[in-house]
Amino acid sequence: MATERTLSIIKPDATRRNLTGQINARFEAKGLRIVAQKRLQLTKAQAEGFYAVHSERPFFNDLVAFMISGPVVVQVLEGENAVAANREIMGATNPANAAEGTIRKDFAESIEANSVHGSDSAENAAIEIAYFFAQTEIVG
Ligand code: UDP
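Computed from a predicted structure; not experimentally measured.

Reading the values: rules and limits
- Residues numbered from 1 in each chain as written.
- Predicted model: local features only at pLDDT ≥ 70, side-chain atom pairs only at ≥ 80, totals over all residues.
- Heavy atoms only, no water.
- UniProt positions renumbered as here; feature names shortened; annotations may be inferred.
- Helix = DSSP H or I, 4+ residues; strand = E, 2+ residues; numbered from the N terminus.
- Buried < 20%, exposed > 50% of the residue type's maximum accessible area, 1.4 Å probe, protein only.
- Core = buried A, V, L, I, M, F, W, Y, C linked by side-chain atoms within 4.5 Å.
- Contact = heavy atoms within 4.5 Å.
- Near = heavy atom within 4 Å.
- Polar contact = N/O pair within 3.5 Å; in protein donor to acceptor, adjacent residues only side chain to side chain.
- Areas by Shrake-Rupley, 256 points an atom, 1.4 Å probe, with all protein chains shown as cover.
- Pairing = 2+ DSSP bridges.

Describe the UniProt feature "binding site: ATP" (unreviewed entry) in the chain, naming the residues involved and giving the relevant values.
As annotated by UniProt and renumbered to match this structure, "binding site: ATP" (unreviewed entry) occupies Lys11, Phe59, Arg87, Thr93, Arg104 and Asn114. With respect to the helices, strands and loops of the structure, Phe59 is situated in the loop between α3 (44-50) and α4 (60-67). Residue classification places Phe59 among the partly exposed residues on the basis of a relative accessible area of 33%.

Go over the nonpolar core with me, naming the residues and quoting the values.
Counting 21 residues, the largest nonpolar core has Leu7, Ile9, Met67, Val76, Phe132, Phe133 and Ile138 as the members making the most contacts within it. When residues of this core are traced back to their parent elements, those giving at least two are β1 (3-10), β2 (33-40), α3, α4, β3 (72-80) and α7 (122-132). Per-element tally for this core: the top contributor is α4, with 5 residues. Apart from the residues within four sequence positions on either side, Ile9 is in contact with Phe50, Met67, Val72, Val73, Val74, Ser115, Val116, His117 and Phe132.

Before we move on, could you go through the site of the ligand and cite the residues and values that matter?
Around the ligand, the surrounding shell consists of Lys11, Tyr51, His54, Phe59, Leu63, Arg87, Thr93, Arg104, Ile111, Glu112 and Asn114. Interatomic distance of 3.1 Å between a side-chain N/O atom of His54 and an oxygen atom of the ligand. Measuring from an oxygen atom of the ligand, one finds a backbone N or O atom of Glu112 at 2.8 Å. Protein chains shield 81% of the accessible area of the ligand, which is 500 Å² for the free molecule.

Describe unusual backbone geometry, with residues and values.
If you check the backbone angles, Asn18 has positive phi at about 60 degrees while not being a glycine. By secondary structure assignment, the location of Asn18 is in the loop between α1 (12-16) and α2 (20-29). Of the residues examined, Asn18 reaches a relative accessible area of 67% and is grouped as exposed. Phi at Asn81 takes a positive value of approximately 45 degrees, unusual for a residue other than glycine.

Would you mind going over the pairing of β3 in detail, with residue names and values included?
Here β3 lies mainly inside the structure; 8 of its 9 residues are buried. Here β1 runs beside β3; their pairing, made up of 8 bridges, is antiparallel. Bridge pairing in β3 links Ile10 to Val73. For β2 and β3, the ladder comprises 7 bridges, and the chain directions are antiparallel. Among the inter-strand pairings, Gln37 is bridged to a residue of β3, identified as Gln75.

Shown next, in the form of structure tokens:
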């Protein structure tokens, strides 16, 4: 087991419904520590850059519009196997397929407005963390 960091985003559907604290409580209850956090209104360019890997997908334009439709909370979570642990806490992309007790099962509105983002690998986590945070903003 290794201590890892992963990037999490609480998406606009969740900030709109004032769910930031409830979502953070789930991370903390499962042993993930919030070692950096800020609330941002993403620009279109920031959202497009973050999701650049999906730029050819049919849902890309809608996804970018959704991600700038309200504030997000970007955060760094730290803990044992944090990348995989967070993916388990989040649940499947489509809330219809998400397991009981996961954030997406309990809170997501749709496959697009699915309340949270979490890095899918340690390699991507490092890239995504650097996209939003300076090293000095992360306090472990
Ligand atoms: N998404 C969407 N429609 C789809 C698939 C994905 O709007 O058919 C959105 C959704 O918000 C998802 C994000 O694009 O969280 C990134 O998709 P990915 O497959 O990377 O899922 P994730 O890693 O977030 O579970």
